[in-house]
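# Topology and contacts: notes
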Amino acid sequence: MITSVRHLAAVCALGAALTACGTQPAPRADRPASPAPTPSSPSVSLSASPSTSSSAAPSRPPTLAPGPAGLTPVFENGPRTAGRIVALTFDADMTADQGARAAAGEHFDNPGLIAALRELKVPATVFMTGRWAEEYPEQARSIGRDPLFEVGNHSYSHYGFIEDCYGLPTVPTDGMRADVERAYTAFREVGVANAMPYFRFPGGCYDQWALRAVSGAGVTAVQWDVVSGDAFAADADEVTQEVLNGVKPGSVVVMHCTRSAAPTTERAVRAIVPELRRQGYRFVKVSELIGAARKRS
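Note that the structure is a prediction, hence the values are computed from the model and not measured. (Residues numbered from 1 in each chain as written. Predicted model: local features only at pLDDT ≥ 70, side-chain atom pairs only at ≥ 80, totals over all residues. Heavy atoms only, no water.)

### Points about the overall build of the protein
A count of helical and extended segments in the protein gives 10 helices and 9 strands. Buried positions account for 55% of the 297 residues belonging to the protein. Taking as baseline every contact in the protein between residues at least 6 positions apart, the subset at least 24 positions apart corresponds to 82%. A total of about 12100 Å² of accessible surface is found on the protein, and carbon and sulfur atoms cover 53% of it. (Helix = DSSP H or I, 4+ residues; strand = E, 2+ residues; numbered from the N terminus. Buried < 20%, exposed > 50% of the residue type's maximum accessible area, 1.4 Å probe, protein only. Contact = heavy atoms within 4.5 Å. Areas by Shrake-Rupley, 256 points an atom, 1.4 Å probe, with all protein chains shown as cover.)

### Some details on the pattern of salt bridges
Under the counting rule described, the total for this entry stands at 11 salt bridges. The partner of R118 in a salt bridge is D146, and the shortest N-O contact between them spans 2.7 Å. Of the two residues, R118 sits in helix 3 (residues 111–120) while D146 sits in the loop between helix 5 (137–145) and strand 4 (149–153), which places them 28 residues apart along the sequence. Residue R118 is classed as partly exposed on the basis of its relative accessible area of 30%. The partner of R270 in a salt bridge is E119, and the shortest N-O contact between them spans 3.1 Å. Within this pair, whereas R270 is found in helix 9 (residues 265–278), its partner E119 is found in helix 3, the two being separated by 151 residues in sequence. Residue class for E119 comes out exposed when judged on its relative accessible area of 51%. The network of salt bridges with common partners includes E119, E266 and R270. (Salt bridge = Lys/Arg side-chain N within 4 Å of Asp/Glu carboxyl O.)

### Quick notes on the nonpolar core
Ranked by internal contacts, the top residues of the largest apolar core, which has 63 residues, are F90, L117, M128, W132, F161, F187 and F201. Once residues within four sequence positions are removed from consideration, L117 is found in contact with F90, V122, A124, L148, F149 and V269. Y198, V284, V286 and I290 belong to the second-largest nonpolar core, a separate cluster that totals 16 residues. (Core = buried A, V, L, I, M, F, W, Y, C linked by side-chain atoms within 4.5 Å.)

Take a look at the structure:
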């Protein structure tokens, strides 16, 4: 059983190719200097859904202002004073080289979880890898076209954006922005035309070099402040308690949408949602939390 973040990190290291896991790595600043791409105008369209009339311009989802020297901004949680709102986020993990395992029957999707969120009417943000969208195009389209959900970018490859990230293969610095943009291309190709300008680093692992490398993609990096512990967990009750004990107003909860790596998530969600609602919480998408943060900045 997973009883601590330290234990969770150890378990994650054994199966990092399956999932981002749930610890919150500290940003690293010790990467040797290497050329990073020069920021330029994004080549990928990140606009919201198409305009419904010729006179109305499409609305731009809220993002955070770039950090110092134009670094990609990082969002961890919404304001604590904006009321009892919480965002459930789900990482749809699949690495670029796991096609053979999917073909052999391993399930990197979790349609039961998505059905539960719809049944419970819970808005949520799903961070997909481009490879996941390619493997499950019908599910990706269904999620992307459902107003209950929004789709965020979890990279194309689910490779690490720093060298030491739970044993994941590493994206070279000069290929990081391309990996992010390739995911948006994959989304469009399977019919997810309204993916949000939100990016979650695989494993939550990043440093200043990674923030600089992806800055030209025009995204806000979305982390979290509540670790569900659902990665490789066998006990849904423990996952439920981790979330209930950690949630505060404005929290972002990280969970997973992969049956092989997080088999208890649906059961945990079915317990978490009614209890948080009983406590007066309202579920929102990440975009609403970022919008609330911008109003208070």
